Amino acid sequence: MTSPPPDDDARHTLRHSEQDAIVAARDPDTPQTRAPSYRLAFMDTEFLLREELRPVRLQLELLKPQMVMDERGVVSTVVMFGGARIPAPQDAGRARTPTLAALSSYYAEAERFARLITERSIACYGREWVICTGGGPGVMEAGNKGAHDAGGQSIGLGIVLPHEQAPNLYVTPDLAFNFHYFAIRKMHFLMRARAITVFPGGFGTLDEMFEALTLIQTGRMRPVPFLLFGTEFWNRIIDWQALADAGTISPEDLALMTFVDTADQAMAAIDAFDHGAG
């Protein structure tokens, strides 16, 4: 808990909530003070978790990371989506499948890409081009590791899952977040995105990729460099041209994304992107 403002702070003529929280914690122990109804509403976790308070929790989950990133000076991010199961090259021998083992090369490319982006971020005093991942293992770990090794900060937007999972150790601690609502987490991925990269992955990666593409396609988000790492992987699992041929997307929608295979290609694509075209 932060210290309450001094009594002579002109910005706070009314008594501050933190002051009352301190006083309430010292209340005498009586049947009345132990009653749930007596708790200060903003200190009552049981109350805040009620079904009727969901709109408030949604607002809090949107507001907290926003305030923290503002305080840390984060202006723009480079988003890295990708599979949690993709191993580092040195761990490829323990991969679940030969395909996952082969995809370990993209762990290395993700790490190198994040390092190059973070070098650019440091030149902007760490305010722009901040790497942002889901904070987990695999490609996400590679992204945070690349930023860490370059000497910069990076963001990890975690989500509570049924199995225990902590943020990877390369996320900047003060920029490690944990979400309950997938929708709010997705908003934070995209609200400051200066570029979006998508590495090979599973259902979660596909979900994030298609939602972001849909927002750009429908004009709900301005176009940004949208890079798919792994040309062979993406063309094998999705027949993009078939969607255009069927008329379910427009032929020009295929231009929303760029396929790359290396970090250097990705950097060149970002630099070549025509922001005025959107």
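Please refer to the structure placed before this passage.
First things first, this report covers the structure right here in the doc. If you're wondering where the values come from, they're calculated on a predicted model, not measured in any experiment. (Residues numbered from 1 in each chain as written. Predicted model: local features only at pLDDT ≥ 70, side-chain atom pairs only at ≥ 80, totals over all residues. Heavy atoms only, no water.)

Further remarks concern helix H6 (residues 104–123). Spanning 20 residues, H6 covers 30 Å between terminal C-alpha atoms, matching the ideal 28 Å at 1.5 Å per step. Within H6, burial applies to Ser104, Tyr106, Tyr107, Ala110, Glu111, Phe113, Ala114, Leu116, Ile117, Thr118 and Ser121. Two residues or fewer past H6, Tyr125 is found with a positive phi of approximately 60 degrees. (Helix = DSSP H or I, 4+ residues; strand = E, 2+ residues; numbered from the N terminus. Expected span 1.5 Å × (residues − 1). Buried < 20%, exposed > 50% of the residue type's maximum accessible area, 1.4 Å probe, protein only.)

This brings us to the environment of Val74. By the secondary structure assignment, Val74 is in the loop between helix H4 (54–72) and strand E1 (77–81). Under the relative-accessibility criterion, Val74 is labelled buried at 3%. In this structure, the C-alpha to C-alpha distance between Val74 and Leu161, residues 87 residues apart in sequence, is 27 Å. Contacts of Val74, omitting those with residues within four sequence positions, involve Met69, Arg127, Val130, Gln153, Ile155, Leu175 and Arg192. (Contact = heavy atoms within 4.5 Å.)

Moving on, we get to the side chain of Glu61. Positionally, Glu61 belongs in helix H4. For the buried Glu61, no salt bridge is present, and the opposite-charge side chain at shortest range is Arg57, 7.8 Å distant. Not counting chain neighbours up to four residues away, the residues in contact with Glu61 comprise Asn178, Phe179, His180, Tyr181, Ile184 and His188. (Lys, Arg positive; Asp, Glu negative; His and termini not counted. Salt bridge = Lys/Arg side-chain N within 4 Å of Asp/Glu carboxyl O.)

Turning to the packing of aromatic side chains, a few remarks are in order. Here the structure, examined in full by the defined rule, presents 6 aromatic pairs. Consider the rings of Phe199 and Phe229, whose centres lie 4.0 Å apart with planes at 15 degrees: the pair is stacked. Here Phe199, found in the loop between strand E5 (193–198) and helix H9 (203–217), pairs with Phe229, found in strand E6 (residues 226–229); they are 30 residues apart in sequence, far enough to count as distant. The class of Phe229 is buried, set by a relative accessible area of 0%. Consider the rings of Phe210 and Trp240, whose centres lie 6.1 Å apart with planes at 40 degrees: the pair is tilted. With Phe210 in helix H9 and Trp240 in helix H11 (residues 240–246), this residue pair connects regions lying 30 residues apart in the sequence. Look at Trp240 and you get buried, because its relative accessible area is 7%. By way of ring pairs, the aromatic residues Phe113, Phe199 and Phe229 are connected into one cluster. In this structure, Arg120 is placed above the aromatic ring of Trp129, and the distance from its NZ or CZ to the ring centre is 5.1 Å. (Phe/Tyr/Trp six-rings, centres within 6.5 Å; stacked < 30°, edge-to-face > 60°. Lys NZ or Arg CZ within 6 Å of the ring centre and 35° of its normal.)

In short, shape yes, function no, at least from these values alone.
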